[in-house]
Each structure stands twice: as C-alpha cells, then as structure tokens.
Amino acid sequence: LKEDIMKSIVLTTAAVAALFAAPAVAEVEQAGALTYKELKQEYPTLTKKTFEMVDVNKDGVADMEEIDQAEQSDVLEAQSMMDKS
C-alpha cells in the first residue's frame, strides 16, 4: 500500500512538473522566431497570406530558417533584417 501511494505521488509530481515545463519549452523552441505582427514591422508590405507561406511548419511564427528560405525564394523581399538601421 505504501509503495502504491509513493508511486502515485511520484507520477503526479512528474506530471505536474511536465505541465509547468511545457510553456518554457515552447518559448525556447520559438526563440528567434517572429509573429506576423513582428515580421510585418520588418517587411511593411507583408500580407497575412504571404506570412502563411513563410510559416512553412504552420506553428504561428516564422523562424530565421523560414525567413531566410522565403527571402531566397523571393516570397519576401531579399533584404536582410540586420541591414536595416
């Protein structure tokens, strides 16, 4: 009986910890990624439809790899965001 209770406590604790860690993991995965609104600041002519083409994996943000790919394929203006001052 004690072992069952201890096992239950350990599993519950692990589950709760995983729930709290999930948002942090999502933030890390999206580090360096831009939302439509943020990318539109860099590319004022950006439309929602074009953003959807840039966001290849459909996670709601455009990461730097997706942005680079979009620039190279002329989906976005081929101009580095870093060059803008």
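None of these values were measured; they are calculated from a predicted model. (Residues numbered from 1 in each chain as written. Predicted model: local features only at pLDDT ≥ 70, side-chain atom pairs only at ≥ 80, totals over all residues. Heavy atoms only, no water.)

### Considering the side chain of Glu66
Okay, so step 1: Structurally, the position occupied by Glu66 is in helix H4 (residues 64-72).
Okay, so step 2: The buried charged residue Glu66 lacks any salt bridge partner; its closest oppositely charged side chain belongs to Lys58, at an N-O distance of 7.7 Å.
Okay, so step 3: Sequence-distant contacts of Glu66, defined by excluding residues within four places in its chain, comprise Val54, Asp55, Val56, Asn57 and Val61. (Helix = DSSP H or I, 4+ residues; strand = E, 2+ residues; numbered from the N terminus. Buried < 20%, exposed > 50% of the residue type's maximum accessible area, 1.4 Å probe, protein only. Lys, Arg positive; Asp, Glu negative; His and termini not counted. Salt bridge = Lys/Arg side-chain N within 4 Å of Asp/Glu carboxyl O. Contact = heavy atoms within 4.5 Å.)

### Thoughts on the nonpolar core
Okay, so step 1: Membership of the largest hydrophobic core is limited to 10 residues, which are Leu34, Leu39, Tyr43, Leu46, Phe51, Val54, Ala62, Ile67, Ala70 and Leu76.
Okay, so step 2: With residues near it in sequence (within four places) discarded, Ala70 still touches Val54, Val75 and Leu76. (Core = buried A, V, L, I, M, F, W, Y, C linked by side-chain atoms within 4.5 Å.)

### Here we look at the confidence of the model for the chain
Okay, so step 1: With 69% of its residues at a pLDDT of at least 70, the chain reaches an overall mean of 77.
Okay, so step 2: Predicted confidence in the chain is weakest over helix H1 (residues 2-29), with a mean pLDDT of 62, and strongest over helix H3 (residues 48-54), with 95.
Okay, so step 3: Long-range and interchain partners of residues 24-29, a stretch whose pLDDT sits below 50, account for zero contacts in this model, where long-range means more than four residues apart. (pLDDT = per-residue confidence, 0-100.)

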